[in-house]
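So you can see what is in the structure, the chains are spelled out below.
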Amino acid sequence: MTRPSSLWWQEAIIYQVYPRSYLDTNGDGVGDLNGITDRLDYIAQLGVDIVWISPFFKSPMKDFGYDIADYCDVDPMFGTLDDFDRLIAKAHSVGVKIMIDQVMSHCSERHPWFVESRSSRDNPKADWFVWADPKPDGNPPNNWLSVFGGSAWQWDARRKQYYMHNFLTSQPDLNFHNPEVQQAMLDSLRFWLRRGVDGVRLDAVTFHFHDKALRDNPVATVRDTSTVTDANPYGMQAHVYDKCRPENVPFLRRVREVLDEFNAVSIGEVGADDALAFMAEYTAGGDKLHMAYSFNLLTEDSSARHIRTQVEDFKRRVKDGWASWSVGNHDVPRVATRWGKGKDPRAFGKVALAMQLSLKGTPTLYQGDELAFTEADVPYELIQDPYGITFWPEFKGRDGCRTPIAWTDGPNGGFTTGTPWLPVAPEHIAAAASVQETDVDSPLNFARRMIAWRRTMPQLTRGDIEFLDAPEPVLAFRRTLAGERSVLCLFNLGGSDVTFTLPQARGAAKLPQPGLPGDVVDGVVTLPACGGWLGYEA
Ligand code: GLC
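Remember, it's a predicted structure, so these values are computed and weren't measured experimentally.

Enquirer: Requested: an account of the overall build of the chain, with residues and values cited.
Expert: When helices and strands are counted, the chain shows 15 helices and 21 strands. In terms of C-alpha radius of gyration, the chain reaches 23 Å, essentially the compact-globule figure of 24 Å for 538 residues. C-alpha extents for the chain along the principal axes are approximately 75 × 50 × 45 Å. Looking at the 538 residues of the chain, the share that counts as buried comes to 61%. For the chain, contacts bridging at least 24 residues in sequence account for 69% of all contacts bridging at least 6. Looking at the chain as shown, the accessible area adds up to about 19600 Å², and 52% of this sits on carbon and sulfur atoms. Across the chain, the centroid of the 55 positively charged side chains sits 4 Å from that of the 71 negatively charged ones.

This is the structure we're talking about:
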């Protein structure tokens, strides 16, 4: 079965770069676009196809770039538009595609749109944000909450009204019911597509629309503690009116039309009570998003059962949509710690990566996970993330996964000649990229081999997936593709040795895959702690 070339992204691997923490080339302690350009050879050598760059647009950086003050310019901290053009040119010359991060749901309070909108009740941008009168007792218009804690409404003294913010008070929510807002977002998307970007990650894609009638959210029947800490009351509501509104579907069709003009691809970040349902809906039909990921594999639950349930549930609901499975990013503790607690991080990093690359769906890797970096311990005095400051110490925020990459074992891990905006973790410096480079068994060299090998296995990129019953902590599944031998994938996500008896009547032969420990004797596979085994079935 050959796949239309327009579906190349289903076989691709996405690699996320968090620009503040990749490489600093001007000594200000913050990574920059030139730093990414400098490392494109490393990225190409890793073998990934698409680089998703977290926001580098003009911003007061209250949420580190996810609060945009100008959608069509680069923040001077990160460089210039010329630097971005050079980055794109170099990326394309080494065969890597570039995906930007579009934060459409909200912008910065410093964006000229909001400055104008809040100046009066009757200016041309008056209706560009979600404004509402107080209740007769002065309280906010409804019970909506912010993901980052507290009410989703902030009082504005001049308009004598509340404005809505799903995240920080400095991130006012744009009113997508206003057609001019939709148009402005599509125009900014075109601006970057014309500059040659190959795709877009849509931040907080379920948050674009709110219920116009501002109805109260009902109480959650099951409290969501998977995507927000249980110290956060956000999980106590069913989020049916403040996000996930039906009007988003036609808007996503408009986004797709623009993307199609440029042959560009999209991936949406789906935060929802039932995220798999929205991943399925938003990627169905080939006329909305290409791919979507949720927080379902970004939680603390590392059991094989949990992973299996997510992938199977998605498969059951998806029809013709497409998932991206993400096990780490800039919003959650690093996977080598979150799931790998108490295990050897190098070994766990490898098995987690091998598992992610073997699931059905486009893998999205997070910078540093190819090096099996663990969560860094950032002391309270150095914490930068406002989310962490609010919920400390029950939830320490997102800085521990955002510390700069250690490229060398020199000062500051070679990340900067200045003072890094977050400390470079000493344990990362000891396991720096340059150190791993010379060690054939390092997570980095394993990642390179595993990625290269996956390309030779159409079962893993295009095949169907079917799970096998296995005792915890073994995740067992089969990837099948017409005309190819099926591949059995076994991963021991635990810290002790286990065995797995191969299904009867099917022989199996270990594939010359890139070095996961695991072996078969007489139909019984031995999987050491954090081991894996990939074999052909007869
Ligand atoms: C997304 C981003 C996160 C950001 C939030 C608000 O969840 O991944 O980093 O804080 O949106 O823009």
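Enquirer: Lay out unusual backbone geometry in plain terms, naming residues and giving numbers.
Expert: Proline 393 follows tryptophan 392 through a cis peptide bond whose omega is -10°. Here proline 393 shows up in the loop between α11 (386-391) and α12 (426-430). Cis geometry is found at the peptide bond from glutamate 472 to proline 473, where omega equals 0°. Structurally, the position occupied by proline 473 is in the loop between β14 (464-468) and β15 (474-480). Positive phi outside glycine occurs at lysine 160, with the angle close to 50°. Among the secondary structure elements, lysine 160 is positioned in the loop between β7 (153-156) and β8 (161-164). A relative accessible area of 53% means that lysine 160 is categorised as exposed. Non-glycine residue alanine 204 carries a positive phi angle of around 45°.

Enquirer: Account for the packing of aromatic side chains, naming residues and giving values.
Expert: Across all of its chains, the model carries 32 aromatic pairs by this definition. When the centroid spacing of 5.6 Å and the interplanar angle of 90° are considered together, the rings of phenylalanine 56 and tryptophan 192 count as edge-to-face. Here the residue phenylalanine 56 occupies a position in the loop between β2 (50-53) and β3 (57-58), and tryptophan 192 occupies one in helix α5 (residues 179-194), the gap between them amounting to 136 residues. Each member of the pair phenylalanine 56 and tryptophan 192 is classed as buried.

Enquirer: Run through the pairing of strand β1 (residues 14-17), naming residues and quoting values.
Expert: Covered by surrounding structure in β1 are Ile14 and Gln16 together with Tyr15 and Val17, the residues of both alternating faces. In the sheet, β1 pairs with strand β13 (residues 362-366) via three bridges, with the strands oriented parallel. Looking across to β13, one finds that glutamine 16 is bridged to tyrosine 366.

Enquirer: Lay out the site of the ligand in plain terms, naming residues and giving numbers.
Expert: Residues in close proximity to the ligand total 13 residues, the closest being Asp63, His106, Asp203, Glu269 and Asp331. In the environment of the ligand, an oxygen atom lies 2.8 Å from a nitrogen or oxygen atom belonging to the side chain of glutamate 269. A distance of 2.5 Å separates an oxygen atom of the ligand from a polar atom in the side chain of aspartate 331. Protein chains shield 96% of the accessible area of the ligand, which is 310 Å² for the free molecule. Tallied by class, residues from the shell around the ligand come to three nonpolar, three polar and seven charged.

Rules and cut-offs
Residues numbered from 1 in each chain as written. Predicted model: local features only at pLDDT ≥ 70, side-chain atom pairs only at ≥ 80, totals over all residues. Heavy atoms only, no water. Helix = DSSP H or I, 4+ residues; strand = E, 2+ residues; numbered from the N terminus. Rg over C-alpha atoms; globule rule 2.2 N^0.38 Å. Buried < 20%, exposed > 50% of the residue type's maximum accessible area, 1.4 Å probe, protein only. Contact = heavy atoms within 4.5 Å. Areas by Shrake-Rupley, 256 points an atom, 1.4 Å probe, with all protein chains shown as cover. Lys, Arg positive; Asp, Glu negative; His and termini not counted. Charge placed at Lys NZ, Arg CZ, Asp CG, Glu CD. Phe/Tyr/Trp six-rings, centres within 6.5 Å; stacked < 30°, edge-to-face > 60°. Pairing = 2+ DSSP bridges. Near = heavy atom within 4 Å. Polar contact = N/O pair within 3.5 Å; in protein donor to acceptor, adjacent residues only side chain to side chain. Nonpolar A, V, L, I, M, F, W, Y, C, P; charged D, E, K, R; others polar.

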